[in-house]
Amino acid sequence: MRIRAARPADLPALLEIYNDAVVHTTASWDLVPWTPVEHAEWYATKAGHGHPVMVADDNGVVVGYAAYGPFRPKAGYAGTMEHSVYVHPNHQGKGIGRALLVAIIDAARADGVHALIGGLSADNEASTALHRSLGFVEVGRLPEVGRKFDRWLDLVLVQLFL
Ligand SMILES: CC(C)(COP(=O)(O)OP(=O)(O)OC[C@H]1O[C@@H](n2cnc3c(N)ncnc32)[C@H](O)[C@@H]1OP(=O)(O)O)[C@@H](O)C(=O)NCCC(=O)NCCS
């Protein structure tokens, strides 16, 4: 398994991984799966701003990805990025999420990013443990700002200074 930059040919695999999280988990608070067109726009925006999308490539099969982009759009926030990490459900618990998050932290540091923010659903134990193990610290907890699967969701913001 190696971590590398995403290529356009990886997009179907990335979309499948993301949409699985949309349909089955609270990791994403999207309520309906993305279309390939929406997903291609997401990727083009990343590429257009020079923001990385990294994939975990297991012998030619993309099994996870991580990316970052602006935390908030106004110019004063430019030193802070918000990241995401997704691993295919069949490949979770094997160290891939950790490897991807380390890679995206390294990329952000190399890019001069000051701080990375993660927005986690409070019920996401795996993501909470992963982020904590890499030094992210909880800096905010917003009760019941999301709703999915007929229940309210709390948003936990975690931060790592680079
Ligand atoms: C969260 C996610 C990225 C973790 O990736 P992963 O490859 O499964 O995790 P790893 O095998 O790299 O584990 C790294 C650490 O995460 C924690 N962790 C992973 N799975 C866990 C679980 N089911 N329960 C509790 N902690 C868990 C552990 O601290 C682990 O460290 P350890 O191996 O030293 O115990 C992955 O489960 C995933 O994609 N989930 C769905 C999407 C998602 O939640 N994305 C994050 C949105 S904020």
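Residues numbered from 1 in each chain as written. Predicted model: local features only at pLDDT ≥ 70, side-chain atom pairs only at ≥ 80, totals over all residues. Heavy atoms only, no water.

### A look at the nonpolar core
1) Next: Ranked by size, the top nonpolar core spans 23 residues in total, and within it Tyr-68, Leu-100, Leu-116 and Phe-136 carry the most contacts.
2) Next: For this core, the secondary structure elements donating two or more residues are β2 (53-58), β3 (61-70), β4 (80-87), α3 (96-110), β5 (115-121) and β7 (151-161).
3) Next: Those residues in contact with Phe-136, other than ones at most four positions away along the chain, are His-83, Leu-101, Ile-105, Leu-116, His-131, Val-158, Gln-159 and Leu-160.
4) Next: Listed in part, the 15 residues of the second largest apolar core include Ala-21, Val-22, Trp-42 and Ala-67. (Core = buried A, V, L, I, M, F, W, Y, C linked by side-chain atoms within 4.5 Å. Buried < 20%, exposed > 50% of the residue type's maximum accessible area, 1.4 Å probe, protein only. Helix = DSSP H or I, 4+ residues; strand = E, 2+ residues; numbered from the N terminus. Contact = heavy atoms within 4.5 Å.)

### Focus on the site of the ligand
1) Next: Not every one of the 18 residues close to the ligand is listed here, only the nearest: Val-85, Val-87, Gly-95, Gly-97 and Asn-124.
2) Next: A distance of 2.8 Å separates an oxygen atom of the ligand from a polar atom in the backbone of Gly-93.
3) Next: The contact in question runs from an oxygen atom of the ligand to an N or O atom on the side chain of Asn-124, over 2.7 Å.
4) Next: About the coverage of the ligand: the protein hides 70% of its 910 Å² of free accessible area.
5) Next: When contributions to the shell around the ligand are tallied by element, the ones reaching two or more residues are β4, α3, β5 and α4 (125-133).
6) Next: No other element matches the four residues that α4 contributes to the shell around the ligand.
7) Next: Residues belonging to the shell around the ligand are distributed by class as follows: nine nonpolar, seven polar and two charged. (Near = heavy atom within 4 Å. Polar contact = N/O pair within 3.5 Å; in protein donor to acceptor, adjacent residues only side chain to side chain. Areas by Shrake-Rupley, 256 points an atom, 1.4 Å probe, with all protein chains shown as cover. Nonpolar A, V, L, I, M, F, W, Y, C, P; charged D, E, K, R; others polar.)

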